Amino acid sequence: MIIIKSKREIDLMKKAGKVVAKVLEEIKKAIKPGIATIELDRIAEDIIKKYNAIPAFKGYRGYPATICSSINEEVVHGIPGLRFLKDGDIISIDVGAVVDGYCADAARTYPVGEISETAKKLIMVTEYSFFEGIKYATPDYRLSDISHAIQSYVESNNFSVVRDYVGHGIGRKMHEEPQVPNFGPPGKGPRLREGMTLAIEPMVNVGGYEVETLIDGWTVVTKDRSLSAHYENTIAITDGEPEILTLG
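Structure report, in brief. The numbers attached to residues start from 1 for each chain and follow its sequence in the written order. Thresholds applied to this predicted model are a pLDDT of at least 70 for local features of residues and 80 or more for the giving and counting of side-chain atom pairs; totals over whole chains, interfaces and linings are not thresholded and use all residues. Only heavy atoms go into the side-chain values, all of them from the structure, while hydrogens and water stay out.

Here we look at helix α2 (residues 37–50)
So, step 1. For α2, with 14 residues, the first-to-last C-alpha span of 20 Å sits near the 20 Å given by 1.5 Å per residue.
So, step 2. What α2 keeps buried is the set T37, L40, D41, I43, A44, E45, I47 and I48.
So, step 3. On the buried face of α2, the contacting elements are α1 (7–30), β1 (54–55), β2 (67–71) and β4 (90–99).
So, step 4. Immediately downstream of α2, the backbone of N52 shows phi near 55 degrees, a positive value. The secondary structure listing takes helices from DSSP runs of H or I that are at least 4 residues long and strands from runs of E that are at least 2 residues long, numbered from the N terminus. In a helix, the anticipated span is given by 1.5 Å times the number of residues less one. The cut-offs for exposure are 20% and 50% of the maximum accessible area for each residue type, with area from a 1.4 Å probe on protein chains only; residues under the lower value are buried, those over the upper are exposed, and the others partly exposed. Here, two residues are considered to be in contact whenever any of their heavy atoms come within 4.5 Å of each other.

Here's the deal with a nonpolar patch on the surface
So, step 1. Like-charged residues are merged into a patch within 9 Å and nonpolar side chains (Val, Leu, Ile, Met, Phe, Trp, Tyr) within 5 Å, provided each residue has over 30% relative accessible area and no salt bridge. Per-residue and other accessible areas follow the Shrake-Rupley method at a 1.4 Å probe size, with only the shown protein chains counted as cover for residues. Criterion for a salt bridge: a side-chain nitrogen of Lys or Arg within 4 Å of a carboxyl oxygen of Asp or Glu. Among the surface-exposed residues, I38, L82 and F84 lie close enough to one another that they form a single nonpolar patch of about 340 Å² accessible area.
So, step 2. Along the chain, the position of L82 falls in the loop between β3 (74–76) and β4.
So, step 3. Accessibility expressed as a relative area gives 74% for L82, which makes it exposed.

Considerations on the packing of aromatic side chains
So, step 1. Pairs were defined over the aromatic rings of Phe, Tyr and Trp, the Trp ring being its six-membered one, requiring ring centres within 6.5 Å. Orientation was assigned from the angle between planes: stacked under 30 degrees, edge-to-face over 60, tilted for the rest. If you walk through the whole model with that rule in mind, you get five aromatic pairs.
So, step 2. Ring centres 4.9 Å apart and planes at 75 degrees place the aromatic pair Y136 and Y141 in the edge-to-face group.
So, step 3. Here the aromatic cluster, defined as three or more aromatic residues joined through ring pairs, consists of F130, F131 and Y231.
So, step 4. When the NZ atom of lysine or the CZ atom of arginine is within 6 Å of a ring's centre and also within 35 degrees of its normal, the charge is said to sit over that ring. Across from the ring centre of F183, 5.1 Å away, lies the NZ or CZ of R163, which sits over that ring.
So, step 5. Here the basic side chain of R163 rests over the ring of Y209, its NZ or CZ set 4.1 Å away from the ring centre.

Overview of the pattern of salt bridges
For side chains of opposite charge, pairing can occur when their charged atoms come near one another.
So, step 1. In the structure shown here, the tally under the stated rule is 18 salt bridges.
So, step 2. One salt bridge connects K5 with E176, and the closest N-O pair in it is separated by 3.1 Å. Of this pair, K5 sits in the segment before α1 while E176 sits in strand β8 (residues 176–180); the two residues are 171 residues apart in sequence, bridging distant segments of the chain.
So, step 3. Residues K14 and D11 are paired through a salt bridge, measuring 3.9 Å at the closest nitrogen-oxygen approach. Of the two residues, K14 and D11 are both situated in helix α1; the distance of three residues between them amounts to about one turn of the helix.
So, step 4. Accessibility expressed as a relative area gives 30% for D11, which makes it partly exposed.
So, step 5. Through salt bridges with shared partners, a single ionic network connects K7, D11, K14 and E243.

Written out as structure tokens, the structure is:
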């Protein structure tokens, strides 16, 4: 069942979204060669607590940290630890926060020092694909119109969209109905309605779309070990343009 949110509920999600945006802003400043991912996790948790919010990921289904930090060929769910960033890496940071019982979730991929032209293009295409998708996030369209727009943009740039992990509804729970794939034909799925809240999150690979999970049970990597990037925002469907709740 897709839960339609009231204006009050969306306002609470927007408060959580502002905390998430602040975390991403501060982590972006801290990313540099030599920093350990566990330090980025500490920064995130300190900011979330400063704003009297709760880390949405920590303890969720047993996940041990506040952020997911996924480097290079890691797609999602990389666990922070004593891993030090190097010049030329890219790192995807995914973070969620809960305020007064309502969640927001967002992700970005950042360069570490000087990165390759391919990596720059990957980060750009992944972000732009999100904005291509939300052109269709209005009550005039169906859910898969968002999915199709993301896939079309990514593949027009000769990259691939991950199939095994998708976006999702979000609200009082981190994961609600519906699932929001980043691929598929247009014109399918539920019609979008004002008050729907969705976490839309393209995950894009330089190589093939196939992925696998490492022995830690969490970290998802590209099967061909090509670079991967991730871009996500929590949005609300309105009677006009969608509202992005995690941009600060």
